[in-house]
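# Reading the structure
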Amino acid sequence: MQQLIEILIFCVTSTMFVLKQKLTTPTRFANTMNQKELVEALKRGTTLNASENVCTVDENNVPTPTGHARSQMRLNKMWHRATYIIIRHDPVGESNGDDDDSTFLLVQRRSTIKDYCPGKLDPTPGGVVGFNEAYELNATREMMEEMNIDVEDESNEMKKL
């Protein structure tokens, strides 16, 4: 009987924990398509990656000692580091390496839950550099996340400008 009571208490406690998490955790990100709602969501910290620590910099591009939360950087329009990647697609066997009609620049449509230019076409995938993150690591990660392009695959090549 005692074991049954302990199991019952465990089940009730577990259920209460799960319900608390569901009630206190946003089930979706804020609508960032509207500027007023975006500002409110940034203040509440309910935008995508709001608490991510990003590399903020001073007017001389020197990183701040601790970085800042992404939402704070956006609200205060702080200078920060970011990568922008131009993707040139040369279909195999169709290009001679010059800028001809068979070469394309790839673009993406940004997610509607982004805190910057949601739902817009973006000519350059990339993103805000995390605190203590190298530019090349950020660019490699963003290429995979946003375009599903693995630059470590030998068929793809990343060149620095």
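Residues numbered from 1 in each chain as written. Predicted model: local features only at pLDDT ≥ 70, side-chain atom pairs only at ≥ 80, totals over all residues. Heavy atoms only, no water.

## So, the side chain of glutamate 142
- Mapped onto the secondary structure, glutamate 142 falls in helix H4 (residues 135–147).
- Discounting residues that sit within four places of it in the chain, glutamate 142 has contacts with Thr83, Ile85, Gly126, Gly127, Val128 and Met147. (Helix = DSSP H or I, 4+ residues; strand = E, 2+ residues; numbered from the N terminus. Contact = heavy atoms within 4.5 Å.)

## Some points on H4
- Over its 13 residues, H4 extends 17 Å from the first C-alpha to the last, a length consistent with the 18 Å expected when each residue adds 1.5 Å.
- Of the surrounding secondary structure, the elements contacted by the buried residues of H4 are strand S3 (82–84), strand S4 (87–89), strand S5 (104–106), strand S6 (108–109) and strand S8 (126–128). (Expected span 1.5 Å × (residues − 1).)

## Comments concerning unusual backbone geometry
- One non-glycine residue, lysine 77, lies in positive phi territory at about 50°.
- For lysine 77, the location among the structural elements is in the loop between helix H3 (70–75) and S3.
- You will see that asparagine 148, though not glycine, has its phi angle at about 55°, which is positive.
- Locating asparagine 148 in the fold gives a position in the segment after H4.

## Remarks on the confidence of the model for the protein
- Per-residue confidence for the protein gives a mean pLDDT of 80; residues scoring 70 or more make up 75%.
- Within the protein, helix H1 (residues 2–24) has the poorest average pLDDT of any element, 58, and strand S1 (residues 53–54) the best, 96. (pLDDT = per-residue confidence, 0-100.)

## Some points on a negative patch on the surface
- On the surface, Asp150, Glu152, Asp153 and Glu154 cluster together into a patch of negative charge.
- As for its placement among the helices and strands, glutamate 154 is situated in the segment after H4.
- With a relative accessible area of 80%, glutamate 154 lands in the exposed category. (Patch = residues over 30% accessible without salt bridge, like charges linked within 9 Å, V, L, I, M, F, W, Y side chains within 5 Å. Areas by Shrake-Rupley, 256 points an atom, 1.4 Å probe, with all protein chains shown as cover. Salt bridge = Lys/Arg side-chain N within 4 Å of Asp/Glu carboxyl O. Lys, Arg positive; Asp, Glu negative; His and termini not counted. Charge placed at Lys NZ, Arg CZ, Asp CG, Glu CD. Buried < 20%, exposed > 50% of the residue type's maximum accessible area, 1.4 Å probe, protein only.)

## With respect to the pattern of salt bridges
- Enumeration over the complete set of coordinates arrives at six salt bridges.
- Note that arginine 70 is salt-bridged to glutamate 52, the shortest N-O span being 2.7 Å. Of this pair, arginine 70 sits in helix H3 while glutamate 52 sits in the loop between helix H2 (35–44) and S1, placing them 18 residues apart in sequence.
- The partner of arginine 141 in a salt bridge is glutamate 133, and the shortest N-O contact between them spans 3.0 Å.
- By relative accessible area, glutamate 133 is classed as buried at 18%.

## Concerning H2
- Among the residues of H2, those classed as buried are Leu38, Ala41 and Leu42. The arc that holds the buried residues of H2, viewed along the axis, is 100°, so those residues lie on one side. Opposite the buried face of H2, by more than 90 degrees, sit the exposed residues Lys36, Lys43 and Arg44.
- Where H2 is buried, its residues contact H3.
- Immediately downstream of H2, the backbone of glycine 45 shows phi near 80°, a positive value. (Arc of directions from axis to C-beta.)

## Section: the nonpolar core
- Ranked by size, the top nonpolar core spans seven residues in total: Ile85, Ile87, Ala139, Met143, Met147, Ile149 and Val151.
- In terms of residue count, H4 provides more of this core than any other element does, three residues in total.
- Apart from residues no more than four positions distant in its own chain, isoleucine 85 is found in contact with Pro123, Thr124, Pro125, Gly126, Ala139, Glu142 and Met143. (Core = buried A, V, L, I, M, F, W, Y, C linked by side-chain atoms within 4.5 Å.)

## Observations regarding the environment of valine 54
- When you line up the elements, valine 54 lands in strand S1.
- Along the backbone, valine 54 and arginine 70 are 16 residues apart, and their C-alpha atoms lie at a distance of 5.9 Å.
- Those residues in contact with valine 54 that lie beyond four places of it in its chain are Gly67, His68, Arg70, Met73, Val128, Val129, Gly130 and Phe131.

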